[in-house]
Amino acid sequence: MDGADFMKLSPSLFAADPLQLQAAISALEACIESWHFDVMDGRFAPAHGLNEVLFLALQRASTRPIDVHIMAFEPAESALRFARMGARLVAVHGETLADPGAVLDAIRDAGALAYLAYTPETPAEDITRHAEAADGLLLLTAPQGGGAFCAPALDRLRQLPKPLPKLVDGGIGPDHFRLCREVGVDTAVIGRSLFEHADLKRRMDLLLLLSSASFKA
């Protein structure tokens, strides 16, 4: 089978119960590679996302890297702020940028990897146009802010440069893991498929097993 033998899973804290965040962090800390942290302006995505106060609290509570996804019409200021605070990577939407290269360079100068993100509607040819300027790509596979999984949005990865790390986010659950590996996904963000379960540690262990290429259904 083509695609990655090992696909990382990154829990999206936007999907977690905000009143149970400390418990979620404690339950998942030992078995995850990274946290996914959504920052929204309430306009580009129809919701307000997570903030700097929570980011700093997460840093204190966890040793895992934090990957920040900026969903905003004017992402540069927030992107630089989170990069300086210690995000491992910061993803900004190419649809919002007249000059993606300049913003990506500024993110790197601030200390983070610079990713370009794209909504499900953006065609592969538009993504490819600026892909080489980025350290990686984040493709939404559901409408920004939440919604159902969109298979054609994931299938765009077949047309994109292979060496770039690829992260996908939106409505992804176990039923999609095999397809994600086939199209070369390096990291899949998981939200409801993890946090809607009461026993997070047990559920995460199962998702990790199901995401492995060695798993046979």
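Residues numbered from 1 in each chain as written. Predicted model: local features only at pLDDT ≥ 70, side-chain atom pairs only at ≥ 80, totals over all residues. Heavy atoms only, no water.

Enquirer: Describe in detail the state of the cysteines, supporting the description with residues and values.
Expert: Tallied over the full model, the rule gives 0 disulfides. Cys 31 forms no disulfide, and the closest cysteine sulfur to it belongs to Cys 180, at a distance of 19 Å. We note that Cys 180 lacks a disulfide partner, and the nearest cysteine sulfur, in Cys 150, lies 13 Å from it. With a relative accessible area of 0%, Cys 180 lands in the buried category. (Disulfide = S-S within 2.5 Å. Buried < 20%, exposed > 50% of the residue type's maximum accessible area, 1.4 Å probe, protein only.)

Enquirer: Account for the sheet that holds strand β6 (residues 136–140), naming residues and giving values.
Expert: In spatial order, the strands read β1-β8-β7-β6-β5-β4-β3-β2; together these 8 strands make up an open sheet with parallel pairing. Edge positions in the open sheet fall to β1 (8–11) and β2 (35–40), since each of these has one partner strand only. Within this sheet the neighbouring strands show an average axis-to-axis angle of 25 degrees, counted without direction. Summarising the sheet, strand β3 (residues 66–71) and strand β4 (residues 89–93) pair through 4 bridges and their orientation is parallel. Each bridged residue has a counterpart across the sheet, and for Ile 70 the counterpart in β4 is Val 92. Together, β1 and β8 (187–190) form the strand contacts of helix α9 (residues 200–211), whose direction differs from that of β1 by roughly 150 degrees. (Pairing = 2+ DSSP bridges. Helix = DSSP H or I, 4+ residues; strand = E, 2+ residues; numbered from the N terminus. Axes fitted to C-alpha atoms, helices over the stretch in contact; angles between N-to-C directions. Contact = heavy atoms within 4.5 Å.)

Enquirer: If you had to explain the nonpolar core to someone new, which residues and values would you point to?
Expert: One finds Val 68, Val 90, Val 92 and Ile 107 to be the most contacted residues of the largest nonpolar core, which totals 60 residues. Filtering out sequence-adjacent residues up to four positions away, Val 92 remains in contact with Ile 70, Pro 75, Ala 79, Leu 97, Val 103, Leu 104, Ile 107, Tyr 115, Leu 116 and Ala 117. (Core = buried A, V, L, I, M, F, W, Y, C linked by side-chain atoms within 4.5 Å.)

Enquirer: I'd like a rundown of the pairing of β4, residues and numbers included.
Expert: Among the 5 residues in β4, 5 count as buried, and that is most of the element. Burial of β4 is two-sided: the residues Leu 89, Ala 91 and His 93 facing one way and the residues Val 90 and Val 92 facing the other way are all buried. This β-α-β element, β3 to helix α3 (residues 76–85) to β4, shows right-handed connectivity. Inspection of the sheet shows β4 paired to strand β5 (residues 113–118) by 5 bridges, in the parallel sense. Bridge pairing in β5 links Leu 89 to Leu 113. Remark: the β4/helix α4 (residues 100–109)/β5 crossover connection has right-handed handedness. (Right-handed = clockwise from strand over helix to strand, strands pointing away.)

Enquirer: Describe the side chain of Arg 203, with residues and values.
Expert: Following the sequence through the fold, Arg 203 ends up in helix α9. The buried charged residue Arg 203 lacks any salt bridge partner; its closest oppositely charged side chain belongs to Glu 196, at an N-O distance of 5.3 Å. Residues within four places of Arg 203 in sequence aside, it is in contact with Pro 174, Ser 193, Leu 194 and His 197. (Lys, Arg positive; Asp, Glu negative; His and termini not counted. Salt bridge = Lys/Arg side-chain N within 4 Å of Asp/Glu carboxyl O.)

Enquirer: So, the packing of helix α1 (residues 21–28) against α9: which residues are in play, and what are the values?
Expert: Contact geometry of α1 with α9 gives a least axis separation of 9 Å together with a crossing angle of 45 degrees. On the basis of their axis angle, the class for α1 and α9 is oblique. When the axes of α1 and α9 are compared, the crossing they make is right-handed. Between α1, through Ala 24, Ala 27 and Leu 28, and α9, the contact on the second element is made entirely by Leu 200, Lys 201 and Met 204. Residues belonging to the contact of α1 with α9 are distributed by class as follows: 5 nonpolar, no polar and 1 charged. (Parallel < 35°, antiparallel > 145°, perpendicular 65-115°, else oblique. Left-handed = near helix turned anticlockwise from the far one by under 90°. Nonpolar A, V, L, I, M, F, W, Y, C, P; charged D, E, K, R; others polar.)

Enquirer: Provide a residue-level description of the packing of aromatic side chains, including the pertinent values.
Expert: On inspection of all chains with the given rule, the structure shows 4 aromatic pairs. Taking 5.5 Å as the distance between ring centres and 90 degrees as the angle between the ring planes, the aromatic pair formed by Phe 37 and Phe 55 counts as edge-to-face. Taken as a pair, Phe 37 in strand β2 and Phe 55 in helix α2 (residues 52–61) lie far apart in primary sequence, 18 residues in all. Summarising the burial analysis for this pair, Phe 37 and Phe 55 share the class buried. Here Phe 44 and Phe 73 contribute two aromatic rings whose centre-to-centre distance is 5.3 Å and whose plane-to-plane angle is 85 degrees, an arrangement assigned as edge-to-face. One end of the pair, Phe 44, is in the loop between β2 and α2; the other, Phe 73, is in the loop between β3 and α3, with 29 residues separating them in the sequence. (Phe/Tyr/Trp six-rings, centres within 6.5 Å; stacked < 30°, edge-to-face > 60°.)

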